[in-house]
Amino acid sequence: MNYVSAIVPPLVMAIGFGLLVRAIIRSQGGAQKGKEDAAADALARSAATARTAE
């Protein structure tokens, strides 16, 4: 029975990691993608203008 208790924690971590990766991939894009892209572009633009103004 020691082999079962030795394999369970890595197996649980592997399944959890797989679910995390799946959640990250599924949350990319979608209805909010355009809004997120626009916010990132605006932030980059304001940082660039602040850098050139100095």
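You'll find the structure just up there.
In this text the structure is predicted, and so the values were computed from the model without any measurement. (Residues numbered from 1 in each chain as written. Predicted model: local features only at pLDDT ≥ 70, side-chain atom pairs only at ≥ 80, totals over all residues. Heavy atoms only, no water.)

Q: Summarise the overall build of the chain; cite the residues concerned and give the values.
A: Summing up its helical and strand segments, the chain has two helices and zero strands in all. Here the C-alpha atoms of the chain give a radius of gyration of 21 Å, more than 25% beyond the 10 Å that 2.2 N^0.38 yields for 54 residues. Considered along the principal axes of its C-alpha atoms, the chain spans approximately 70 × 30 × 5 Å. For the chain, with 54 residues in total, the buried portion stands at 0%. Here the chain displays about 4,900 Å² of accessible surface, and carbon together with sulfur accounts for 68% of that area. Side chains of the chain give 6 positive and 4 negative charges; the mean places of these two sets differ by 10 Å. (Helix = DSSP H or I, 4+ residues; strand = E, 2+ residues; numbered from the N terminus. Rg over C-alpha atoms; globule rule 2.2 N^0.38 Å. Buried < 20%, exposed > 50% of the residue type's maximum accessible area, 1.4 Å probe, protein only. Areas by Shrake-Rupley, 256 points an atom, 1.4 Å probe, with all protein chains shown as cover. Lys, Arg positive; Asp, Glu negative; His and termini not counted. Charge placed at Lys NZ, Arg CZ, Asp CG, Glu CD.)

Q: Hey, could you go over helix α1 (residues 2-27) for me, with residue numbers and the actual values?
A: Every α-helical turn comprises 3.6 residues, leaving residues that sit three or four positions apart pointing alike. The end-to-end C-alpha separation of α1 is 39 Å, in line with the 38 Å expected for 26 residues at 1.5 Å each. V8 marks the point of greatest bend in α1, at about 30°, and the proline P9 comes within the next four residues. In the segment just after α1, G29 is the residue with positive phi, at about 80°. (Expected span 1.5 Å × (residues − 1). Bend = angle between axes of the 7 residues up to and from the residue.)

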